[in-house]
Amino acid sequence: MMRREQILNGAVLLGLIAVPLWAWSSGEPFIITLATKVAVLGLAGVGLNIALGTGGLVSLGHAAFFGIGGYAMGILASHAQQYVPLFEWPLLVEGTKSMPVIWLVAIVFSGLAALLIGALSLRTSGVYFIMITLAFAQMLYYFAISWPAYGGEDGMAIYVRNSFPGLNTLDPIQFFAITFVILCMTLWFNARLVRSPFGTALAAARQNAERVEAVGIDPYKLRLAAFVISGMITGLAGALFADLNRFVSPTMFGWHLSGELIVFVILGGTGRLLGPVVGAAIFITLEHVLGGISEYWQIFLGVLLLGVVLVARGGVIAVIAGKGVAHD
Amino acid sequence: MTIILLIEQVLNGLQFGVMLFLMAAGLTLVFGVMGLINLAHGSLYMVGAFAAAAVAGATGSFLLAMAAALGAAAIAGVIVEMLVIRRLYDRDHLDQVLATFALILIFSEGTRWIFGSFPLYLNIPPYLSGPITLPGDIQYPLYRLVIIGVGLLVAAGLFLLISRTRLGIRIRAGESDREMIAALGVNISVLYTIVFALGAALAGLAGALVGAIQSVQVGMGEPVLILAFVVIVIGGIGSITGALVGSLLVGLTDTLGRTLLPVLFGTFMEASAATTVGAAIASMLIYILMAVVLIFRPTGLYGAR
Amino acid sequence: MNKLGKIALAGVAALWAGTALADGVKVGMITTLSGGGAGLGIDVRDGFLLAVKQSGNSDIEVVVEDDQRKPEIAVQLADKMIQSEKVDVLTGIIWSNLAMAVVPSATAQGKFYLSPNAGPSQLAGEGCHENYFNVAWQNDNLHEGAGAYAKDAGFKNTFILAPNYPAGTDALAGYKRFYEGELAGEVYTKLGQTDYAAEIAQIRASGADSVFFFLPGGMGISFLKQYSDSGIDLPVVGPAFSFDQGILQAVGDAALGIKNTSQWSKDIDNPANNAFVESFQAEYGRLPSLYASQGFDTANLLLSAMGKADIDDADAFRAALKEADFDSVRGDFEFGPNNHPIQDIYVREVIKEGDVLTNKIVGVALEDRGDAYAEKCKM
């Protein structure tokens, strides 16, 4: 069974390269944009999956980190675009258009936010955890809407995509390559993490917290660490998403986004390495194809999602590759 | 800010809270008895409002419209329960969130498909419209007092239902021990359908009552749904008392926050900045309230330990 | 991503689909067709398509897609229209925040953008662009009209309120630009708020002699119903958005008699408008709205330019657009230096025609009004 999932994972990644390459050769740049969207939202889902799949922490507030990542990009790039420093005291901080710097800032700040939100939220569990994470994301959402300095509800447009040394990020296929490489590196990291003692303990804490405590590990700290890592990855995805659209807005903090990330994870298969990527790919393809059929396309989307929950238990990967989750 | 205005704002907060209670009661009941998170509860609220608007438009009778709202939401609840929700009881919360999220999409766009994209008309009947004068010369809309009254009646009815009737005994038994009541020969699946329909009917009633003073449009249920979740989480999930207390807390916090905060900030800030900053913090206030409650009481005010 | 549906219009040869037209113009319309704000997008689309149909011009192809009112989706659709559909002209966006996300990069890529609704101040001032034409209004215009009306009506102490977001703060600023009295209160509400009991109590206690509000969509419906039920009978004035044909029936009698400001009304008496109102009703079976009139004018502007210049010659086409040589349904219409309209802003009053609520013009608030940002525009 594990074998089949590995083959499937390989096929999914190959497919995710093959489609944009085909689109590139046949002059369909928009398909490349779609594939980039899959990679970026898949990455956000991979982040969520660490908390949700491995750690069993159902967060309905991951949009908070996604948005922080997005705004890290928006704020830095807008200051660089207008040649206005972020602040001059106590030390001079300038904006930047360099992707690696922006990514680092996005990761650090979403990690800090995850530390704070996680430290408070992990005192609760179950439905309370779902709702308190939602509450924090909603706070940020309303804050972003009514904070006039960075565009409020209008958001901020960054007219030229940020730069990466040695590449032309404006070329869709090169930007796709960046996101794809980041996705693969994160997946590799995730696979290592899940098999590490930390990952094993985390999964064990999900199934039976007392047993973990009995061997002297504090499940709270374990979960907090997982939540922070999860938030950092989703924050990085937020920065990339902002660069994909060259635009940030408070909708990146919205609860619909948190909901969609959860949908990606479940659709693909909770706790599966590539589950979120498969989920994002299916969701975005459906959105694209169904939208052409009817103005009321969301009805069909709803019916399909229902079908997945009711019939295809364990997500699409479970249906194809079998039930046993590889790292359980 | 005068005392009269403050009293009026407290009344407004109460009315908002009571309206939230109608939503939250159904949500918390369904969670308490069946362990189900129902994101589509807001859709049932919308169904109630649209049914009321359609019937009021056709017959001109407000009471018939209210009855239609109750009926339509209950029927929608039964159908959804039998087709979908029933299969979710033994699933984890994740599957429930996804499935009911899908239901929101179906309900919202389905409603738009049937009723079109423009808001519908539903208004207060003449005999309930206009303000009345309360002691202290407070002018207050009669209809809002009616909402407070209906909400408190429903609350009392629910407490009686749960503490005094056979159905209530079964509901309480279902909350504490599911296998037990099955062993006692109670038809669990019928009980669940009834509880779900009851919650749906309450949501539909709330939608219709509120629809008369708000906008009846697609998507109207979602903001209320989030508020209702905030309420039941603050109150403690599964507790009707908690839902009542939580509703009033949220209603009062939100209403008083958005009127008092700008004034408060105005005492030490320049006026127009105080208005925007005050409004910004006010819009975050109930989420701050919820986070604070959960940090100190991780299962809400009346939640089971 | 959605609404891939190409609306192949009468006369557009199917064999041309998918390839750029040799001499024709391909239009990409990104607008809101699903969710709560769909009514506005549908009206813009219907008005636009009606004008195209009436022109009988077979050189125009329109691709319509739904942005779901989400800026990210709008940006991706714009990419798609430009990269894959290879459109020449973009149009259709309803909301300012979506326009801010799409317009600058589209015009920077050499596409024309004709705005049928949103007119954020940034795009009228420093961010103006020679390829961006606004066929509706600069966002402040209708609020300025309301302020001018308030001055003429002798309001001395107005209570003003709007949601706490950029368009809301702009609205209050626009009102204050022409209003000369005192402010009894200034309140920012939560975006999407549906209960206004607290604000109405503040209005009652404030000693105001009048109320100005900007609450688009469902927020305005809620406010008006609750205001009318509160028993306060201070005069109210607002921009046309809360009194438009699409939502007026949902507000009901609570709106009767209220003055609102608009650059268009169905009773403006000119041949173009009379024909538009009649043909729109015949085609779609409902009265046209403000948004439908804007969509209709947008298409006619485009068609007028197509008659004068070839889209491949961008300079000539731009000059042809700038002439605005079409019969606007609102009467006189010309573009200012920043490609935003110079037009009259009317005062309308909500009346009942039989069972149907609608508006009639009762005066002119501002004549030949441009906008406050034109001088910042360096084109």
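Numbering of residues starts from 1 in each chain and follows the order in which that chain's sequence is written. Written order decides the labels, with chains lettered from A and ligands numbered from 1. Selection of residues for local features in this predicted model requires a pLDDT of at least 70, selection of side-chain atom pairs for listing and counting requires 80 or more, and totals for whole chains, interfaces and linings are taken over all residues. Note that water and hydrogens are dropped before the side-chain values are worked out from all heavy atoms of the structure.

Asker: Help me out: how do you make sense of the overall build of chain B in this one?
Answerer: Looking only at helices and strands, chain B features eleven helices and two strands. Along its sequence from the N terminus, chain B presents helices and strands in the succession α-α-α-α-β-β-α-α-α-α-α-α-α. Overall, the C-alpha framework of chain B stretches about 65 × 50 × 35 Å when taken along its three principal axes. Counting every position in chain B, which comprises 305 residues, the buried fraction comes to 60%. Between two residues, a contact is recorded if the distance between any of their heavy atoms is within 4.5 Å. Put simply, of all contacts in chain B between residues at least 6 apart along the chain, 77% involve residues at least 24 apart. Total accessible area on chain B stands at roughly 11,000 Å², and carbon and sulfur atoms take up 71% of it. For the charge count, each Lys or Arg is scored as positive and each Asp or Glu as negative, with His and the chain ends excluded. By convention, the point assigned to a charge is CZ for Arg, NZ for Lys, CD for Glu and CG for Asp. Here chain B holds 13 positive side-chain charges and 13 negative ones, and the gap between their average locations is 9 Å. Numbering goes from the N terminus for both helices and strands, where a helix is a DSSP run of H or I of at least four residues and a strand is a run of E of at least two. With a 1.4 Å probe rolled over the protein chains alone, any residue whose accessible area is under 20% of its type maximum counts as buried; one over 50% counts as exposed, and the rest are partly exposed. The accessible surface values rely on the Shrake-Rupley method and a 1.4 Å probe; as for residues, cover is taken only from the protein chains in view.

Asker: Even after reading the chapter, I still don't get the interface of chain C and chain B, so can you show me in this structure?
Answerer: Think of interface size as the accessible area that goes away when the parts come together; that is how it is often given. With 40 residues of chain C at the contact, the number on the chain B side is 38 residues. Ranking the residues of chain C by area buried against chain B places C:D195, C:K225 and C:D229 at the top, with a combined share of 20%. We count a salt bridge whenever a side-chain nitrogen from Lys or Arg sits within 4 Å of a carboxyl oxygen from Asp or Glu. In this structure, the connection of chain C to chain B is made through three salt bridges. Sorting the residues of the side of chain C that touches chain B by element identifies α1 (38-55), β8 (182-189), α7 (197-206), α8 (218-229) and α9 (245-251) of chain C as the ones contributing at least two each. Buried area: the sum, over both parts, of the accessible surface (1.4 Å probe) that disappears when the two are put together.

Asker: What am I meant to see in the environment of C:F48 here?
Answerer: All names here are of chain C. Among the secondary structure elements, F48 is positioned in helix α1. A residue is classified by how much of its surface remains accessible, and F48, at 1% relative accessible area, is buried. Sequence spacing of F48 and A299 is 251 residues, and the spatial spacing of their C-alpha atoms is 5.2 Å. Excluding residues within four positions of it along the chain, F48 makes contact with V27, M29, V62, T91, G295, F296, T298, A299 and L302.

Asker: Please explain the side chain of C:H143 as it appears in this structure.
Answerer: Residues and elements named next belong to chain C. By the secondary structure assignment, H143 is in helix α5 (residues 141-153). The buried category is assigned to H143, whose relative accessible area is 2%. Apart from residues no more than four positions distant in its own chain, H143 is found in contact with A171, G174, Y175, F212, F214, P239 and F241.

Asker: Would you mind going over the environment of B:S189 with me for this structure?
Answerer: Residues and elements named next belong to chain B. The topology assignment puts S189 in helix α8 (residues 188-211). S189 sits in the partly exposed class, given a relative accessible area of 33%. When the C-alpha atoms of S189 and V277 are compared, they prove to be 51 Å apart, with 88 residues separating the residues in sequence.

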